[in-house]
Amino acid sequence: MKKKNNLHQRPSWDEYFLEMSKLVAKRSTCLRRSVGAVLVKDKRILATGYNGAPAGLKHCIDMGCMRQKLKIPSGERHELCRALHAEQNALIQASLYGISVAGSTLYATNQPCVICAKMLINAGIKEIVIVAGYPDKMAADFLKQAKIKIRKI
């Protein structure tokens, strides 16, 4: 954190939005990993998302995790999951309210998977700032090819 004086510490913009992504992740209903995402443009929050089942459907915290039962490793077989990823939910939230995310920055608790990476590329995201990685090399390769800058803080 940047120090303004000895009495007051003010977070940088990156720290601020990453902390917001951590707060959003607390709404996650996934039993394996809580992920939060915040889409930001011009220092304004456009949309947020966390990983959880589609609206109106039962969550994994209520009925168990199919991926755990099948012993599927993290980063594999995403189609065998009830939940939408945090990045997907943030993009969907923006679309529901007619908000363009082109040129925005994604702040997230984890690196996106390859499915989310492809969506973020097509949505026009210019940069991704993350707290932690994710075991999906293809996603990192796609984002690099699309010239989307990824920063880990």
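The shown structure was predicted, so the numbers you read here are calculated from the model rather than taken from an experiment.

A. The overall build of the protein chain, seen in detail. On a plain count of helices and strands, the protein chain comes out with six helices and seven strands. Scanning the protein chain from its N terminus toward the C terminus, one meets helices and strands in the order β-β-α-β-β-α-α-α-β-α-β-α-β. Here the C-alpha atoms of the protein chain give a radius of gyration of 16 Å, agreeing with the 15 Å that 2.2 N^0.38 yields for 153 residues. When the backbone C-alpha atoms are referred to their principal axes, the protein chain occupies close to 50 × 35 × 30 Å. Taken as a whole, the protein chain presents about 9100 Å² of accessible surface, with 55% of it coming from carbon and sulfur.

B. How the structure looks around the pattern of salt bridges. Overall, the coordinates contain five salt bridges when judged by the stated rule. Between E79 and R77 there is a salt bridge, and its shortest N-O distance comes to 2.6 Å. Residue R151 pairs with E127 through a salt bridge whose shortest N-O separation is 2.5 Å. With R151 in strand β7 (residues 149-152) and E127 in strand β6 (residues 127-132), this residue pair connects regions lying 24 residues apart in the sequence. For E127, a relative accessible area of 14% translates into the label buried. What emerges from the salt-bridge pattern is a single network uniting D14, E127 and R151.

C. Quick peek at the packing of helix α4 (residues 86-96) against helix α5 (residues 114-123). Two elements in contact, α4 and α5, have axes separated by 9 Å at closest approach and are oriented at 30°. As judged from the angle between their axes, α4 and α5 are roughly parallel. The two elements α4 and α5 cross, and the hand of that crossing is left-handed. Seen from α4, the contacting residues are E87, Q88 and L91; seen from α5, they are I115, C116, M119, L120 and A123. Residues of the contact of α4 with α5, tallied by class, amount to six nonpolar, one polar and one charged.

D. Summary view of the pairing of strand β4 (residues 44-50). Relative to β4, strand β3 (residues 36-41) runs antiparallel, the two being bridged by six bridges. When the bridges of β4 are listed, K41 appears paired with R44. Counting the residues that bridge the hairpin from β3 to β4 gives two residues, and of these D42 lies at a positive phi of roughly 55°.

E. Examining the packing of aromatic side chains more closely. Tallying each qualifying case throughout the model produces four aromatic pairs. Aromatic pair W13 and Y16: ring centres 5.8 Å apart, planes at 85°, arrangement edge-to-face. Highlighted residues: W13 and Y16, both in helix α1 (residues 13-25), separated by three residues, approximately one helical turn. Given the relative accessible area of 37%, Y16 is considered partly exposed.

F. Region of interest: α5. Of the positions making up α5, those classed as buried are V114, C116, A117 and L120. Viewed along the axis of α5, the buried residues span an arc of 155°, placing them on a single side of the element. Check the buried side of α5 and you find it contacts α4, β5 (105-110), β6 and α6 (137-145).

G. Representation of a nonpolar patch on the surface. Together, I92, L96, Y97 and I99 give the surface a local cluster of nonpolar side chains, amounting to about 440 Å² of exposed area. By the element assignment, L96 lies in helix α4.

The rules we used
Sequence order as written defines the numbering, with residues in each chain counted from 1. This being a predicted model, a pLDDT of at least 70 is required before a residue's local features are given, and a value of 80 or more before pairs of side-chain atoms are given or counted; all residues contribute to the totals for chains, interfaces and linings. Only hydrogens and water are removed before side-chain values are computed, so all heavy atoms of the structure are retained for them. Helix and strand definitions here come from DSSP, where helices need a minimum of 4 consecutive H or I residues and strands a minimum of 2 consecutive E residues; each element is numbered from the N-terminal end. We compute the radius of gyration from the C-alpha atoms alone; for a globule the expected value is 2.2 Å times N to the 0.38, where N is the number of residues. Calculation of accessible area relied on Shrake-Rupley with a 1.4 Å probe; when residues are assessed, cover is drawn exclusively from the protein chains displayed. Basic side-chain nitrogens of Lys or Arg form a salt bridge, by our definition, when they fall within 4 Å of a carboxyl oxygen of Asp or Glu. Partly exposed describes any residue whose relative accessible area lies between the buried limit of under 20% and the exposed limit of over 50%, with all areas from a 1.4 Å probe on protein chains only and scaled to the type maximum. Axis lines are fitted through C-alpha atoms, for helices just across the contact stretch, and the angle between N-to-C directions can take any value from 0 to 180 degrees. By the definition adopted for this analysis, an angle is roughly parallel if under 35 degrees, roughly antiparallel if over 145, roughly perpendicular if from 65 to 115, and oblique otherwise. For a crossing to be left-handed, the near helix must be turned anticlockwise from the far one by less than a right angle; the clockwise case is right-handed. Contacts: residue pairs with any heavy atoms within 4.5 Å of one another. Under the scheme applied, nonpolar residues are Ala, Val, Leu, Ile, Met, Phe, Trp, Tyr, Cys and Pro; charged residues are Asp, Glu, Lys and Arg; polar residues are all the others, including Gly. Strand pairing requires that DSSP identify at least two bridges connecting the strands. Working definition: rings of Phe, Tyr and Trp (its six-membered ring) pair if their centres are within 6.5 Å, and the pair is stacked with planes under 30 degrees apart, edge-to-face with planes over 60 apart, and tilted otherwise. As used here, the arc is the angular range of directions from the helix axis to the C-beta atoms. What makes a patch is a set of residues exposed beyond 30% relative accessible area and free of salt bridges, joined within 9 Å when like-charged and within 5 Å when nonpolar (Val, Leu, Ile, Met, Phe, Trp, Tyr).

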